[in-house]
Amino acid sequence: TQLLEQSPQFLSIQEGENLTVYCNSSSVFSSLQWYRQEPGEGPVLLVTVVTGGEVKKLKRLTFQFGDARKDSSLHITAAQPGDTGLYLCAGVSNTGKLIFGQGTTLQEKP
Amino acid sequence: GAGVSQSPSNKVTEKGKDVELRCDPISGHTALYWYRQSLGQGLEFLIYFQGNSAPDKSGLPSDRFSAERTGGSVSTLTIQRTQQEDSAVYLCASSPRHEQFFGPGTRLTVL
């Protein structure tokens with residue numbers, strides 16, 4: 001069974017802070033996707049990483065795929081209030097079905 | 001353009017009743033997926049359609065769950081004799097190839 005472990009499960013962020021979310025698996029995936037989900041909505045695709053060692057940047061978000069294609073990370077630079085939400089990593093199977101991690105909830109520090 | 005739509009958006013039912021959840025995919029998308037999401041958690045795969053066929057039903061939790069797709073378009077997920085543990089958000093996604101586009105989900109509450 002392919003499983004994805006995400007950490008941390010919760011993150012409280014202050015505006016301007018940097019943070020990293022991790023996604024790890026014991027299985028190799030042909031590609032891995034990161035989604036962001038806001039309350040009451042479905043997940044929205046942020047990025048797909050395909051090649052081991054690949055790094056993709058989306059404004060203040062940097063995504064990395066591990067050399068062995070078993071792990072990935074999402075780094076946010078200078079977090080903004082609009083970055084809050086549930087971040088999900090998902091491994092893509094050969095049928096296209098997604099195997100999701102349990103998600104990381106980013107919330108603002110009170 | 002129109003995205004994936006799901007209905008109803010919310011459904012409250014009593015334990016033991018049957019429910020039907022509907023998904024209208026983006027026109028022309030051949031693949032359709034159903035997932036289930038418990039509160040604040042990741043999504044759990046249920047079933048995958050390619051056209052009207054379901055080559056992968058491995059995620060359906062029990063024989064109380066079934067799904068069909070007609071005309072390569074609309075899909076219905078049916079849960080018979082609902083149980084409290086069926087309470088969750090049921091999400092549908094359609095895909096032309098690699099990217100999946102999700103609907104807003106149906107929040108099912110079984111009392």
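Overview of the structure.

**Structural notes on the overall build of chain B**
At step 1: Scanning chain B from terminus to terminus reveals 0 helices and 11 strands.
At step 2: Counting from the amino terminus, helix and strand elements in chain B follow one another as β-β-β-β-β-β-β-β-β-β-β.
At step 3: The C-alpha radius of gyration computed for chain B amounts to 13 Å, which stays within 12% of the reference 13 Å derived for 111 residues, consistent with globular compactness.
At step 4: Residues classed as buried in chain B amount to 47% of the 111 residues present.
At step 5: Expressed as a percentage of contacts within chain B between residues at least 6 apart in sequence, the contacts between residues at least 24 apart total 52%.
At step 6: Charge-centre separation for chain B: the mean point of 11 positive side chains lies 1 Å from the mean point of 11 negative side chains.

**Some details on the interface of chain B and chain A**
At step 1: Taken together, the contact pairs 18 residues of chain B with 18 residues of chain A.
At step 2: In this assembly, chain B packs against chain A so that about 1,300 Å² is buried in total across both faces, 51% of it on carbon and sulfur atoms.
At step 3: Our count for the contact surface shared by chain B and chain A stands at 1 salt bridge.
At step 4: One salt bridge connects B:Asp56 with A:Lys97, and the closest N-O pair in it is separated by 3.2 Å.
At step 5: Inspection of the chain B/chain A interface yields 6 residue pairs in polar contact (both at pLDDT 80 or more).
At step 6: Of all elements in the fold, only strand 4 (31-37) and strand 5 (43-50) of chain B reach the threshold of two or more residues within the side of chain B that touches chain A.

**Here's the deal with the sheet that holds strand 7 (residues 61-65) of chain A**
Residue and element names in this part refer to chain A.
At step 1: Taken together, the 5 strands give an open sheet; going across it, the order is 1-3-8-7-6, and neighbouring strands pair in antiparallel fashion. Strand pairing shows two members of the sheet lacking a second neighbour, strand 1 (5-7) and strand 6 (55-58), which therefore form its edges. With strand direction ignored, the average angle separating the axes of adjacent strands in the sheet is 15 degrees.
At step 2: Sheet topology places strand 1 next to strand 3 (residues 19-24); 3 bridges connect them, and they run antiparallel. Bridging across to strand 3, Glu5 finds its partner in Asn24.

**Topic: the pattern of salt bridges**
At step 1: Scanning the entire structure with this criterion turns up 8 salt bridges over all chains.
At step 2: Close ionic contact of A:Arg60 with A:Asp83 constitutes a salt bridge, the shortest N to O distance being 2.9 Å. Taken together, the positions of A:Arg60 in the loop between strand 6 and strand 7 and A:Asp83 in the loop between strand 8 (71-76) and strand 9 (85-92) put the pair 23 residues apart, joining distant regions of the chain.
At step 3: Among the ionic pairs, B:Glu44 bridges to B:Arg36, the shortest N-O distance being 3.2 Å.
At step 4: Judged by relative accessible area, B:Glu44 falls into the partly exposed class, the value being 36%.

What counts, and where the lines are drawn
- Residues numbered from 1 in each chain as written.
- Chains lettered and ligands numbered in written order.
- Predicted model: local features only at pLDDT ≥ 70, side-chain atom pairs only at ≥ 80, totals over all residues.
- Heavy atoms only, no water.
- Helix = DSSP H or I, 4+ residues; strand = E, 2+ residues; numbered from the N terminus.
- Rg over C-alpha atoms; globule rule 2.2 N^0.38 Å.
- Buried < 20%, exposed > 50% of the residue type's maximum accessible area, 1.4 Å probe, protein only.
- Contact = heavy atoms within 4.5 Å.
- Lys, Arg positive; Asp, Glu negative; His and termini not counted.
- Charge placed at Lys NZ, Arg CZ, Asp CG, Glu CD.
- Buried area = accessible area lost by both parts, 1.4 Å probe.
- Salt bridge = Lys/Arg side-chain N within 4 Å of Asp/Glu carboxyl O.
- Polar contact = N/O pair within 3.5 Å; in protein donor to acceptor, adjacent residues only side chain to side chain.
- Pairing = 2+ DSSP bridges.
- Axes fitted to C-alpha atoms, helices over the stretch in contact; angles between N-to-C directions.

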